[in-house]
Amino acid sequence: MTIRAPAARDYDAAMLDRPAPERETTNAETVADWSFVNEIDKIRELGLSLNKILTARRGCAVLKMSGESGRYALKIADPPSQSRNRTDIANMAVDRERHALRRLFTYTGKIYVAHGEHAGRKWLLMRWIEGRTAQALSKRIRDTDSPDARRDKMLRLTAAVFKQVAKLHDRDFVHGDLQAAHFLIEPSKRLRLIDFALSGRQSAGDNLYRGSPAEYVAPETARAKLAGEKKIKIDKLSEIYSAAAVAFRMYTGKAPAFGKIDNIRSLSWDERFSIVASSQRCSFKDLGAPEFPAFEDVLSWCLEPEREARCPDLWDAVRALERIAGSPPG
Ligand SMILES: Nc1ncnc2c1ncn2[C@@H]1O[C@H](COP(=O)(O)OP(=O)(O)OP(=O)(O)O)[C@@H](O)[C@H]1O
Ligand SMILES: [Mg+2]
């Protein structure tokens, strides 16, 4: 019997629109639904049990597991009963991520622990990273800090985010799904990048756009999507736009092209791509964020709609941010 591999395609866009649940909340009933994970050999061997469901969308779930040997994150494809095709796509994503985590073992903080398959679902066990997401941290800074503290903290957070992405680019990878929820800040202040399910290696030619949120997609990628292209390459330069779009949103609360849009989820994907492709952008001031021209200039350089004019290497942006951080006040 020949088993046909599913066609590589974007994630189901509708799944991306489901709001991410809070990191630490779930209810006991849902945990019971997932209790089958306790049957996985490796989970038994490590004596782990399921604590919390962190997310369950896009065909994948992330479960927090713990035992005497510590805490772990288990990524596993959703129950196959929902849709065989969706499980196949999720299985491919889990595979892609575990390959990336093994290649990037040191870079990721050695979080890879084990992988396998259980009842048709691929799973990946990772070490648990303590800390908060850059999404939660930046929201708190926006909501509670003084303008000066906001400038200072966001400048440093952005430099750390850019550095982490620049190091990944140096290792031949594009992440493919940069967003603030994928940066975790440990209590030691060390920043970790997670979720390599959509990543690719430039030298292997598998650096494709695989359906990350439109808000962070570079204009050239949005234009290619609108033109109906199927295998769209993303590269360091398009990911420089994405990193800056993440930073812009962390600072202002709005993605660069979406300053005037109240509910992105009410727009179709094509409408979102059209907005990105049109390269409209609000300023910090328009969005009621504290003015910070030097910082805004660096982000604008990285957000240049024309690739030729865009910051060519994220390390250049890191150095520019560090110069601002080091410059005397006034
Ligand atoms: N190793 C880990 N340590 C701690 N938290 C983790 C770890 N892996 C994932 N998480 C948490 O789970 C969330 C979802 O993880 P991830 O983004 O990898 O999964 P996903 O299936 O892509 O979910 P989403 O669709 O929400 O992005 C992260 O934002 C993070 O809060
Ligand atoms: Mg994710």
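As the structure is a computational prediction, the values presented were derived from the model and not from experiment.

Conventions adopted
- Per chain, the residues get numbers from 1 upward, laid out in the order the sequence is written.
- Whichever chain is written first becomes A and whichever ligand is written first becomes 1, with later ones labelled in order.
- Given that the model is predicted, a residue must reach a pLDDT of at least 70 before its local features are reported, and side-chain atom pairs must reach 80 or more before they are shown or counted; all residues, however, enter totals for whole chains, interfaces and linings.
- Under the scheme used here, helices are H or I runs from DSSP no shorter than 4 residues and strands are E runs no shorter than 2 residues, and both carry numbers assigned from the N terminus.
- A residue is called partly exposed when the number of other C-beta atoms within 10 Å of its own lies between 12 and 20, exposed at 12 or fewer, and buried at 20 or more, with C-beta atoms placed from the backbone.
- Note on contacts: each residue gets a C-beta atom placed from the backbone, and two residues are in contact if those atoms are within 7 Å.
- To decide whether a residue is near a molecule or strand, its C-beta atom is placed from the backbone and checked for lying within 6 Å of it.
- Throughout, the ten residues Ala, Val, Leu, Ile, Met, Phe, Trp, Tyr, Cys and Pro are labelled nonpolar, Asp, Glu, Lys and Arg are labelled charged, and all others, Gly among them, are labelled polar.
- Angles here are taken between N-to-C directions and fall from 0 to 180 degrees, while the axes themselves are lines fitted to C-alpha atoms, restricted in helices to the stretch in contact.
- Any angle that is under 35 degrees is reported as roughly parallel, and any over 145 degrees as roughly antiparallel; angles of 65 to 115 degrees are reported as roughly perpendicular and all others as oblique.
- At least two DSSP bridges between two strands are required for those strands to pair.
- pLDDT runs from 0 to 100 and stands for how confident the predictor is about each residue.
- By definition, a nonpolar core groups buried Ala, Val, Leu, Ile, Met, Phe, Trp, Tyr and Cys residues that connect through C-beta atoms lying within 7 Å of each other.
- These domain limits were set by an automatic method or by a database of domain assignments.

### Quick notes on the overall build of the protein chain
In terms of regular secondary structure, the protein chain is built from 11 helices and 10 strands. When burial is assessed residue by residue, the protein chain has 38% of its 330 residues classed as buried. Across the protein chain, every contact between residues at least 6 apart in sequence was considered, and the portion connecting residues at least 24 apart equals 62%.

### Overview of the site of ligand 1
In the region of ligand 1, 19 residues are neighbours, and Leu54, Thr55, Ala73, Ile129 and Asp195 sit closest. Contributing elements (two or more residues each) for the shell around ligand 1: strand 1 (49–57) and strand 2 (60–67). Here the shell around ligand 1 takes 3 residues from strand 1, the largest share from any one element. Grouping the amino acids of the shell around ligand 1 by side-chain chemistry returns 12 nonpolar, 3 polar and 4 charged.

### Thoughts on the packing of helix 10 (residues 293–302) against helix 11 (residues 314–326)
Packing of helix 10 against helix 11 brings their axes to within 10 Å, and their N-to-C directions diverge by 175 degrees. Accordingly, the angle class assigned to the pair helix 10 and helix 11 is roughly antiparallel. Between helix 10 and helix 11, the residues in contact are Ala294, Phe295, Val298, Trp301 and Cys302 and Ala317, Ala320, Leu321 and Ile324, respectively. Taken together, the residues that form the contact of helix 10 with helix 11 break down as 9 nonpolar, no polar and no charged.

### Some thoughts on the pairing of strand 2
On a regular strand, one side chain projects to one face of the sheet and the next to the other, so that they alternate. Pairing of strand 1 with strand 2, which is carried by 7 bridges, proceeds in the antiparallel orientation. Directly across from Ser49, in strand 2, lies its bridge partner Ser66. Following strand 2, the chain reverses through 2 residues before pairing antiparallel with strand 3 (residues 70–77).

### Focus: unusual backbone geometry
Positive phi outside glycine occurs at Lys110, with the angle close to 55 degrees. For Lys110, a count of 12 C-beta atoms within 10 Å puts it in the exposed group. The phi angle at Ala119 is positive, at roughly 50 degrees, despite the residue not being glycine. Counting through the fold element by element, Ala119 comes out in the loop between strand 4 (112–118) and strand 5 (121–127).

### So, the sheet that holds strand 4
With antiparallel pairing, the 5 strands of this open sheet are ordered in space as 1-2-3-5-4. Two strands lie at the open edges of the sheet, namely strand 1 and strand 4, each paired on one side alone. Going from strand to strand, the sheet's axes swing by 20 degrees on average, the running direction of each strand aside. Summarising the sheet, strand 3 and strand 5 pair through 5 bridges and their orientation is antiparallel. The residue of strand 5 that forms the bridge with Tyr72 is Arg127. Against the sheet, helix 4 (residues 84–103) contacts strand 2, strand 3, strand 4 and strand 5, and its axis sits at roughly 35 degrees relative to strand 5.

### A short note on the confidence of the model for the protein chain
Confidence in the prediction of the protein chain, expressed as mean pLDDT, is 88, and 88% of residues score 70 or more. Counting contacts from residues 1–27, a segment whose pLDDT is below 50, to residues more than four positions away or on other chains yields 30 contacts.

### Topic: the sheet that holds strand 6 (residues 132–133)
Strand pairing in a sheet relies on backbone hydrogen bonds. The paired strands run either parallel or antiparallel. One open sheet holds the 3 strands; their spatial order is 6-8-9, and the pairing between them is antiparallel. Only two strands of the sheet have a single neighbouring strand rather than two, namely strand 6 and strand 9 (191–193). Here strand 8 (residues 183–185) runs beside strand 9; their pairing, made up of 3 bridges, is antiparallel. The residue bridging Ile185 from the neighbouring strand is Leu191, located in strand 9. Across the sheet, helix 6 (residues 147–170) is in contact with strand 8 and strand 9; its angle to strand 9 comes to roughly 45 degrees.

### Focus on the nonpolar core
Val161, Phe162, Ala243, Ala244, Ala247 and Cys302 are the most contacted members of the largest nonpolar core, which has 81 residues in total. Counting residues per element, this core draws most heavily on helix 8 (residues 236–252), which supplies 11 residues. Formed jointly, this core draws a minimum of three residues from each of two domains, domain 1 (13–127) and domain 2 (132–326). In contact with Val161, not counting residues within four places along its chain, are Ala134, Phe183, Leu191, Ala243, Val246 and Ala247.

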